[in-house]
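This is what each chain is made of:
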Amino acid sequence: MAAPPAKQWGVTPAISHSFPNERELASNDALIAELKRQNNFEGAEETEKRKATLQLIQKIVVQFVKHVSTLRNLPQSSVDTAGGKIFTFGSYRLGVYGPGSDIDTLVVVPKHVTREDFFEHVPSLLERMAPPDAIQELTPVPDAYVPIIKLELSGISIDLIFSRLELVSVPMTLTLKDTSILRGLEDRDLRSLNGTRVTDEILELVPQQKTFRTALRGIKLWAQRRAIYANVMGFPGGVAWAMLVARVCQLYPQATGSVIISKFFFLIGNWKWPQPVMLKQIESGPLGVRVWNPTIYPSDKFHLMPIITPAYPSMCATHNITMSTKAIITKELQRGREITDKIFAGQMQWKDLFTKHTFFTDDYKYYLSVVSSSRTKDAQHVWSGFVESKVRLLVASLETQGSISVARPFNKGFDREHHCNGDAEIEAVLNGDLKYQATNVKTETTDAVNDPKHIAAAQGNAGGMPMPNGDSELHTNGESQQTIYTTTYYVGLEIIQDAKRLDISYQTREFTEMCRNWTNYQRELNSLFIVHTRNYDLPSDVFGPGEVKPTRPKKKITAKKRNIDASGLEVTIAQPQISIERISFAALLLGHQDKTEKKLQTSIAVQSLSTCYHQQAPEK
């Protein structure tokens, strides 16, 4: 009797239903052991603390809904059954969280509870019902595109978002799978529901969740280490990487996590973009909302690496990818394939896949430093987040300059604090000078600071967020010092071989005007400069322990140019010494409105691009 046909996962049949052999099982064990060495799993005690924290929040949500129901003068029977339920999404729901990971949490309430109620009553209920001193942070951000309450409770970071359904009650048995619950919702409520609905669909569409989670842990760690994990900067975010791994799991339903990772680099590295990656066919639904469809919407045709969310309404999770970031992703996928091939051949180990990027140490000779600054820390969180949300547009514009082959943004910013005496020192700081950086304040990356207002603004949600103000004066030894807060974003530039002049005046002027034309920009409070930086002039705080900062090359004067031979070895071409004009995008000194604003200097003219050209040998 013939065996029943194997179940098809996804939009095409599986490539292989083969079960793993001993070598593949051993490789999977080695992968898990390496992930544990990399501190990718948290302990059982910490996981239990997460569960207890979520149980507390569930109780608070029920109490919150009852409280509002009582204020609405509903009958006691309706108050008792009004309900309220929390849903998790993101890394926690997918089961790939680690030590210190946030828990993305959706609060779902019935129709008589409003978003205003959420921000008015939930913070006080949290403070009242949480154990003493359990709340370390409580920051509501009601003006964001997706309003949020950022909470740290018992050492667990939680992001609370809100959605109201057109239901009279929200019982604990409620699920969000049925698209009929989306009827009548506001756009903000629909956006809030999307995260949970997408996460749940991904888990339902993979053959083996345990295998999926192992492989996704490996791919996430690899992407983070290689600095290609950041949706806002033009790289795939967590959901996009999860969908790519899920698609490979569908094609190899019996494989181990280690095999999935190996196949991931082969399949995704050779994917015929812009053919979309989909976990299932795109669904129609009951709403008159836009669903990804390049045959109807011309803008969808321009998505370079479309990865489509499985839950209605389906959207492209990777619309931010640019030509440069696509090239970097493709290069990293090729590297990953070469390493995993050697891992299975016994020539390398899993730790080799997870080695740190070389963005600052070896990848580029030329960088643009995009320096956003403010007079107050709160204002800087919002301003830097807004600037971060636009960096990918600068990158896309730079790609149109014929002398630039790749413009790669680093996937996070660097927050610094500076103490200045006088206008000259302030101007130097605004131009990227670190001479007056506070020595008692550590430089931190934006992801480590994890400020909720910065995150909301960086995700493109700054439209309704007011610019905070405050006192920026710092008194030391009886003298007044001005504290300037900066966040710097770095863009690595790969220049074509024969370039001798780089003029990006149009691109930089367009970028700065776009940022300065933001409704909430305040010229007496905020500033934006772009500075050209050579690799040997990069600040020391962008380098990690054990990393070696590039050094200034020695001048070599020769009448002949040495060509690059077939092996792609490094050559040196002697040319006149480089001449750089530093670019400023805010000539007005912070806090000095009485001075006439200087004319903006918006050109970077590199008359001769260095005495040295470095080319890496091509990957085999």
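Keep in mind it's a predicted model, so treat the numbers as computed, not measured. (Residues numbered from 1 in each chain as written. Predicted model: local features only at pLDDT ≥ 70, side-chain atom pairs only at ≥ 80, totals over all residues. Heavy atoms only, no water.)

## Quick look at the packing of aromatic side chains
For the coordinates displayed, the defined rule picks out 27 aromatic pairs. Judged by centre distance (5.5 Å) and plane angle (90°), the rings of F360 and Y490 are edge-to-face. Of the two residues, F360 sits in helix α12 (residues 359-363) while Y490 sits in strand β13 (residues 479-495), which places them 130 residues apart along the sequence. Of the two residues, F360 and Y490, neither departs from the other in class, the shared state being buried. Centre to centre, the rings of F386 and W518 are 4.2 Å apart; their planes meet at 10°, and the pair counts as stacked. With a gap of 132 residues between them, F386 in helix α13 (residues 377-398) and W518 in the loop between α17 (505-516) and β15 (526-534) connect regions that are remote in the sequence. (Phe/Tyr/Trp six-rings, centres within 6.5 Å; stacked < 30°, edge-to-face > 60°. Helix = DSSP H or I, 4+ residues; strand = E, 2+ residues; numbered from the N terminus. Buried < 20%, exposed > 50% of the residue type's maximum accessible area, 1.4 Å probe, protein only.)

## Here we look at the nonpolar core
Core analysis: the biggest nonpolar cluster contains 122 residues, and F212, W222, F264, F360 and L493 have the highest contact counts within it. Ranked by residue count, the leading element in this core is helix α8 (residues 238-251), at 10 residues. Contact partners of L493, with chain neighbours within four places excluded, come to Y364, Y366, L368, L398, I404, V406, A407 and L502. Counting residues in hydrophobic clusters, the runner-up holds 30 residues, among them L56, V109, A130 and L160. (Core = buried A, V, L, I, M, F, W, Y, C linked by side-chain atoms within 4.5 Å. Contact = heavy atoms within 4.5 Å.)

## Examining the side chain of S101
Relative to the helices and strands, S101 resides in the loop between α4 (90-94) and β2 (103-109). Contact partners of S101, with chain neighbours within four places excluded, come to R50, S91 and S157.

## Considerations on the UniProt feature "binding site: ATP" (unreviewed entry) in the protein
Taking the numbering used here, the UniProt-annotated feature "binding site: ATP" (unreviewed entry) corresponds to F89, G90, S91, D102, I103, D104, D159, K220, Y229, G238 and V239. Along the chain, G90 falls in helix α4. Classification of G90 as buried rests on a relative accessible area of 15%. Tracing the chain through its elements places S91 in helix α4. Leaving out residues up to four positions away in the same chain, S91 has contacts with V96, Y97, S101, D102 and K220. (UniProt positions renumbered as here; feature names shortened; annotations may be inferred.)

## Describing the pairing of strand β4 (residues 148-153)
Taking burial as the measure, the six residues of β4 include five buried ones, the bulk of the element. Here six bridges tie strand β3 (residues 135-141) to β4, and the two strands are oriented antiparallel to one another. Paired with E137 across the strands is E152, a residue of β4. With antiparallel pairing between neighbouring strands as the criterion, β3 and β4 make up a hairpin whose turn holds six residues. Bridging between β4 and strand β5 (residues 156-164) involves six bridges; their strand directions are antiparallel. Bridging from a neighbouring strand, K150 pairs with D159 of β5. (Pairing = 2+ DSSP bridges.)

## A word on the pairing of β15
Summarising burial for β15: nine of the nine residues are buried, a large majority. A two-sided burial pattern is seen for β15, the buried positions comprising N526, L528, I530, H532 and R534 on one face and S527, F529, V531 and T533 on the other. Relative to β15, strand β8 (residues 366-374) is paired through nine bridges, and the arrangement is antiparallel. Bridging from a neighbouring strand, V371 pairs with F529 of β15.

## A short note on the sheet that holds β4
In spatial order, the strands read β1-β2-β5-β4-β3; together these five strands make up an open sheet with mixed pairing. Either end of the sheet is taken by a strand with one partner, and the two such strands are β1 (85-89) and β3. Sheet twist, expressed as the mean angle between neighbouring strand axes with direction ignored, is 25°. Here helix α5 (residues 115-129) sits on the sheet in contact with β2, β3, β4 and β5, set at roughly 170° to β3. Across the sheet, helix α6 (residues 187-204) is in contact with β1, β2 and β5; its angle to β5 comes to roughly 120°. (Axes fitted to C-alpha atoms, helices over the stretch in contact; angles between N-to-C directions.)

## Considering the pattern of salt bridges
All chains considered together, the criterion is met by 21 salt bridges. Among the salt bridges present, the one from K150 reaches D159, with a minimum N-O distance of 3.0 Å. One exposure class covers both K150 and D159, and it is buried. One salt bridge in this structure joins D447 and K412, with 3.3 Å as the shortest N-O distance. Of the two residues, D447 sits in helix α15 (residues 446-449) while K412 sits in the loop between β9 (404-409) and β10 (414-420), which places them 35 residues apart along the sequence. (Salt bridge = Lys/Arg side-chain N within 4 Å of Asp/Glu carboxyl O.)

## What to know about helix α7 (residues 209-225)
For α7, spanning 17 residues, the distance from its first C-alpha to its last is 24 Å, which sits close to the expected 24 Å at 1.5 Å a residue. Counted residue by residue, α7 has 12 buried out of 17 residues, so it is predominantly covered. Every buried residue belonging to α7 is among T211, F212, T214, A215, L216, R217, G218, I219, K220, L221, W222 and A223, and all of these are buried. Looking one or two residues beyond α7, the residue adopting positive phi is A227, at roughly 60°. (Expected span 1.5 Å × (residues − 1).)

## Some thoughts on the confidence of the model for the protein
In the predicted model, the protein carries a mean pLDDT of 87, and the fraction of residues at 70 or more is 87%. In the model, residues 472-478 has pLDDT below 50 throughout and makes 16 contacts with residues more than four positions away in sequence or in other chains. Confidence drops under a pLDDT of 50 for residues 559-620, and excluding neighbours within four residues, the segment shows 160 contacts in the predicted structure. (pLDDT = per-residue confidence, 0-100.)

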